[in-house]
Amino acid sequence: LRRRRRADLHRVALRLVRGTSGRVGAMHVFKVPRGAATKPADLEQIAARLEQGLLDRLGEFAAGEPDSDRERVELQAVQSPQPVPAVIAEQARAQTAELICIGSRGRTPLAALALGSVAEGVLERASQALYVHKEKGETMGLLDALGI
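Residues numbered from 1 in each chain as written. Predicted model: local features only at pLDDT ≥ 70, side-chain atom pairs only at ≥ 80, totals over all residues. Heavy atoms only, no water.

**Student:** Describe the overall build of the chain, with residues and values.
**Tutor:** The helix and strand tally for the chain stands at seven helices and four strands. Listing each helix as α and each strand as β along the chain from the N terminus yields α-β-α-α-β-α-β-α-α-β-α. Taking contacts inside the chain between residues at least 6 apart in sequence as the whole, the part at least 24 apart equals 77%. Summed over its atoms, the accessible surface of the chain is roughly 9400 Å², and 53% of this surface lies on carbon and sulfur atoms. (Helix = DSSP H or I, 4+ residues; strand = E, 2+ residues; numbered from the N terminus. Contact = heavy atoms within 4.5 Å. Areas by Shrake-Rupley, 256 points an atom, 1.4 Å probe, with all protein chains shown as cover.)

**Student:** So what about the nonpolar core? Which residues, and what values?
**Tutor:** Residues Val-29, Val-78, Val-87, Ile-88, Ala-89, Ala-92, Ile-100, Ile-102, Ala-119, Val-122 and Ala-126 constitute the largest nonpolar core, which totals 11 residues. Here this core takes four residues from helix α4 (residues 84–94), the largest share from any one element. If we skip the residues at most four places from it in the chain, Val-87 touches Val-29, Val-78, Ser-80 and Gln-82. (Core = buried A, V, L, I, M, F, W, Y, C linked by side-chain atoms within 4.5 Å. Buried < 20%, exposed > 50% of the residue type's maximum accessible area, 1.4 Å probe, protein only.)

**Student:** Give me the lowdown on the environment of Gly-53, citing residues and values where you can.
**Tutor:** Within the secondary structure, Gly-53 is located in helix α2 (residues 40–63). Through-space distance from the C-alpha of Gly-53 to that of Ala-77 is 9.3 Å; in sequence the pair is 24 residues apart.

**Student:** Please set out the side chain of Ser-80 residue by residue, giving values where relevant.
**Tutor:** By the secondary structure assignment, Ser-80 is in the loop between β2 (73–79) and α4. Taking the relative accessible area as the measure of exposure, Ser-80 reaches 11% and is therefore buried. Only 3.0 Å separates the side chain of Ser-80 from the backbone nitrogen of Gln-82, close enough to count as a polar contact. When near neighbours in sequence (up to four residues on either side) are disregarded, Ser-80 contacts Phe-30, Lys-31 and Val-87. (Polar contact = N/O pair within 3.5 Å; in protein donor to acceptor, adjacent residues only side chain to side chain.)

**Student:** For the confidence of the model for the chain, give the residues involved together with the corresponding values.
**Tutor:** Across the chain, pLDDT averages 76, with 70% of residues at or above 70. Taking the mean pLDDT of every element in the chain, the minimum, 54, falls on helix α7 (residues 142–145) and the maximum, 92, on α4. (pLDDT = per-residue confidence, 0-100.)

**Student:** Could you give an account of the pattern of salt bridges, with specific residues and numbers?
**Tutor:** A full pass over the atoms with the stated rule returns one salt bridge. With a closest N to O distance of 2.5 Å, Glu-74 and Arg-23 form a salt bridge. In this pair, Glu-74 is assigned in strand β2 and Arg-23 in the loop between α1 (3–17) and β1 (24–30), connecting sequence segments 51 residues apart. For Glu-74, a relative accessible area of 37% gives the class partly exposed. For Arg-23, a relative accessible area of 47% gives the class partly exposed. (Salt bridge = Lys/Arg side-chain N within 4 Å of Asp/Glu carboxyl O.)

**Student:** Go over helix α6 (residues 118–125), please, and point to the residues and values.
**Tutor:** Listed as buried for α6 are Ala-119, Gly-121 and Val-122. Here the buried residues of α6 occupy an arc of 160° about the axis, which is enough to place them on one side. For α6, exposure combined with an orientation more than 90 degrees from the buried face picks out Leu-123 and Glu-124. Packing partners of the buried residues in α6 comprise α4, β3 (99–103) and β4 (129–133). (Arc of directions from axis to C-beta.)

Quick look at the structure:
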């Protein structure tokens, strides 16, 4: 997701819990690319650097919020070889989340067929309510998805 939309989604989630005892879990799921390292120790170092970088970026979004809101945000970077939608649904169940907020690029049906859709995958797997955030007018077509 683009940086601006992540910040917008973060603010939407904070607005949803304002005035309640609710908390916001900001999570980024990642996997270390194959071929990134030749030794297990190197793989662990790469994963640790990726995780720290992701947590730093997630923290940037919360930094501009009031202290009372920042305290409600729990940051998490999850490394997993599993498909991202499965990890999101599993983490939501494990943390007893009531609502999952996820960003969408607004892919056209052909682009979604070529690349898949994380939001659609989460919808198929999660038992919680799902809020999908998409910027107005933003759409990703097949040629965009293929990088052409």
